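# Geometric and topological summary
So you can see what is in the structure, the chains are spelled out below.
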Amino acid sequence: MTATAPAPNRYLPEIDGLRALAVLLVLLCHARFTAVAGGYIGVDVFFVISGYVVCRSILADQQAGTFSLRQFYTRRLKRLAPALLLVMAATLAFCLVYNFPGSNLTLLKSIRAVLLLNANIFLARQTGYFDLQADKHPLLHTWSLSVEEQFYLVVPLLLLMVARLRAGYTLALVAGLWAAALAWSWYDVSRATPGAYFYLQGRLFELLCGVVLVFALRSFPITARRVWYDAMLLAGLAVILVCGLRYNAGTPMPGINALWPCLGAVLVIVGIEGAHYCRVLLSNRVAVFLGKISYVLYLWHWPVIFAFGRLGWQSAGAMSAALGLSLALAVATHYFVENPLRRARWSPVKTAALLFLLPVLTVLALLQVARKTDNFMAWYPAHYQQDNADAGSTVFDRPRARQCWSQVEVTPSALCTVGDATSPRKAVLLGDSHAYHLIDFIDQLGKEHGLAIHDMTFTMCAPIEDSPERAGDPGFQQHAQECRAHGRNTIAWVLSRPEISVVFMSAVWDLYQNTGTGAGVQPTGHGFLPGQINTELARTIGKLEAAGKRVVFLDDLPLLPASLENCVSNRVYLPGRAHDECSFPRAEADVRYRDIDAILADMHARFPRTATLHTYDVPCDAQRCHASIKGTGLYAHNDRGHLGAGGSATYYRAYRARHPGEIEQALAERP
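This write-up is about the structure you can find in this document.

What counts, and at which threshold
- Residues numbered from 1 in each chain as written.
- Predicted model: local features only at pLDDT ≥ 70, side-chain atom pairs only at ≥ 80, totals over all residues.
- Heavy atoms only, no water.
- Phe/Tyr/Trp six-rings, centres within 6.5 Å; stacked < 30°, edge-to-face > 60°.
- Helix = DSSP H or I, 4+ residues; strand = E, 2+ residues; numbered from the N terminus.
- Buried < 20%, exposed > 50% of the residue type's maximum accessible area, 1.4 Å probe, protein only.
- Salt bridge = Lys/Arg side-chain N within 4 Å of Asp/Glu carboxyl O.
- Axes fitted to C-alpha atoms, helices over the stretch in contact; angles between N-to-C directions.
- Parallel < 35°, antiparallel > 145°, perpendicular 65-115°, else oblique.
- Contact = heavy atoms within 4.5 Å.
- Nonpolar A, V, L, I, M, F, W, Y, C, P; charged D, E, K, R; others polar.
- Expected span 1.5 Å × (residues − 1).
- Bend = angle between axes of the 7 residues up to and from the residue.
- Disulfide = S-S within 2.5 Å.

### Concerning the packing of aromatic side chains
Throughout the structure, instances matching the rule amount to 25 aromatic pairs. Taking the centre distance of 6.5 Å and the plane angle of 80° together, the rings of phenylalanine 94 and phenylalanine 306 count as edge-to-face. Placement of the pair is phenylalanine 94 in helix α3 (residues 69-98) and phenylalanine 306 in helix α13 (residues 294-310), with a sequence separation of 212 residues. Of the two residues, phenylalanine 94 and phenylalanine 306, neither departs from the other in class, the shared state being buried. Relative to tyrosine 384, the ring of tyrosine 380 lies with its centre 5.6 Å away and its plane at 45°, an arrangement referred to as tilted. Its relative accessible area of 12% is what places tyrosine 380 among the buried residues. With relative accessibility at 14%, the residue tyrosine 384 sits in the buried group. Taken together, the aromatic side chains of Phe47, Trp143, Tyr197 and Phe198 make up a single cluster linked through ring pairs.

Okay, here's the thing in structure tokens:
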């Protein structure tokens, strides 16, 4: 028995079944079921489906003589906007109660970006899809919606342009565009550019897979035995599932790795056209229904997972419950919001006014109110306001940070000197973010001991003259080049200034340590080989001491366990958490400190004139390390390693109480 391609406008229930598979893969991946770590490829499958369905629909309307750009965009808006607006409103309402004010300002900006169709661009500047902080973005998943919406703006215009071309010429043109888009995506991924994952240009070939398929089937209709269609459908499903099971967060995407699930989706769609025995896998009632609600299910699942995580419900059982709640919300939204408004007989003007213009104006107004009220802080109770003052901002948020923090060139001493700025005794502060977040500490130290301290720190840069030229992770290569230039600039400047007598160094010392052994050991993400941090640090200190400088280390501070992130603040924001124990065993901190101590002990052995200010154990007693000191939370919101504004202000006093006389001894003249 043979089969031919169906009419171009016929509904294919199996497409909804394929949508169901795609959304289930994404949901299981985002719910952290590790067996489906590559389930994010469901989005790639969605892109192929979107390209195929939209192109097929437009061509059918063109053949019928009924296509209109105005009507196309109106239908898209009525199809996508109502459920999206509901989900964003619910997400904002949850976050205003349970999330932090600073994060809510970012959320409002994210909503604005979604409404203006550039959420993918906004998120690319905020986070990487697999970054540790990515799950702090409650609308992270909207990047893919913006990619599709940007495509919807372009594809009708493209199809109008080629409408008069012969079928063969059109196929050649779109195939050429597809090949160019694939080449660009591969190139972008190979350079590890920040927007490679999120931007339309990196994903365009996936959407064009569906477009090319439509034109290919028009130019070369397939007539084959049904068994071959069944084989293609099964092969396509197998490719998609293998990618979902084998890929993980370390798989470079999109590029060539995204091509395989896209080709799997193409095989499934071709198989759908004529399969007989296997189409029930995708055309059964459960699969079709899940496919019909896949859009709203996708919309709800990430904010629900975010909310569960924010409330501390992150077990496998909790994530299963989150997916169940997402399904319930999706069903309700489908029947009571999505379907009624999709069928509403609104004019294009009314549709644009209610579903685009009004939401945009509302969000812009909310952003203005947020800016005028310190992110709505004026309406929060006093204990919320105090927590926000302590942990809601950091020294990195202050205006001086834009001039004095993470500058490749030497920062201006007139603007970037703390302590006793008029003192003839000069010092500098070198290091990474764990140096700069102690700027209040350094300021108080300088004032108390008559030092003018010029800060020259750079994120994720060890205080050495020559950091690695090549990063181990291509995504860090640009940073590696900037870091190397910064190190050379600052050390040269310090060596050229005889009035500088003290060099303070602070860093996440163990970040730059490579503990690998044996042949073939790989560099770290920042490019360090085994022993390299010790070698380069010693070479730098040798030059500084030869120039008459005293090097004084600060040995960092404890990294909070993941379970204690926001612990002090959660006592305020979350129900039932007022009496949480925000501390962890001292032994856990000591395990990490052994690596730090090994580096600094090696430097002391080589250079006896160096000294260390022991900042690491300040929040610890004999048994436990604490996330607060005398009621003040030390760490910033959503950060386990950096001090908040309150912690930065109090750390010096706590240190002086813990280690009286240590600074005086460190600064005393030594032979």
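### Details of the pattern of salt bridges
Side chains bearing opposite charge may pair, as long as their charged atoms lie close to each other. Within the structure shown, the criterion is met by 26 salt bridges. Across the pair glutamate 338 and arginine 79 runs a salt bridge whose closest N-O atoms are separated by 2.4 Å. Highlighted residues: glutamate 338 in helix α14 (residues 316-342) and arginine 79 in helix α3, separated in sequence by 259 residues. Between arginine 577 and aspartate 580 there is a salt bridge, with the nearest N and O atoms lying 2.5 Å from each other.

### So, the packing of helix α1 (residues 13-30) against helix α12 (residues 285-292)
Between α1 and α12, whose axes approach to 7 Å, the crossing angle comes to 70°. Taken together, the axis directions place α1 and α12 in an arrangement best described as roughly perpendicular. Between α1 and α12, the residues in contact are Pro13, Asp16, Gly17, Arg19, Ala20 and Leu24 and Ala287, Val288, Leu290, Gly291 and Lys292, respectively. Its residues assigned to classes, the contact of α1 with α12 shows six nonpolar, two polar and three charged.

### Here we look at helix α23 (residues 586-606)
Between its first and last C-alpha atoms α23 spans 29 Å; for 21 residues at 1.5 Å apiece the expected length is 30 Å, and the two agree. Within α23, the axis deviates most sharply at tyrosine 593, by approximately 35°. Within α23 the residues assigned to the buried category are Arg586, Ala589, Arg592, Tyr593, Ile596, Ile599, Leu600 and Met603. Where α23 is buried, its residues touch α21 (532-546), β7 (550-554), β8 (583-585), β9 (611-613), β10 (624-626) and α24 (645-658).

### Some thoughts on the environment of phenylalanine 356
Considering the arrangement of structural elements, one finds phenylalanine 356 in helix α15 (residues 348-372). With a relative accessible area of 34%, phenylalanine 356 lands in the partly exposed category. Once the C-alpha coordinates of phenylalanine 356 and glutamine 62 are considered, the two residues, 294 residues apart in sequence, prove to be 27 Å apart. Setting aside its immediate chain neighbours within four residues, phenylalanine 356 contacts Leu77, Leu115, Leu116 and Thr351.

### Some details on the state of the cysteines
Overall, the coordinates contain four disulfides when judged by the stated rule. Here cysteine 461 engages in a disulfide with cysteine 483; their sulfurs sit 2.1 Å apart. Note that cysteine 461 is positioned in the loop between β5 (452-457) and α20 (477-495) and cysteine 483 in helix α20, a separation of 22 residues in sequence. Overall, the relative accessible area of 2% leaves cysteine 461 in the buried class.

### Section: the packing of α12 against α14
It is at 10 Å that the axes of α12 and α14 come closest, and there the two elements cross at 70°. The orientation of α12 with respect to α14, classified from their angle, is roughly perpendicular. Residue-level contacts link Phe289, Leu290 and Lys292 of α12 to Leu327, Val331, His334, Tyr335 and Glu338 of α14. A class-by-class count of the residues in the contact of α12 with α14 yields five nonpolar, one polar and two charged.

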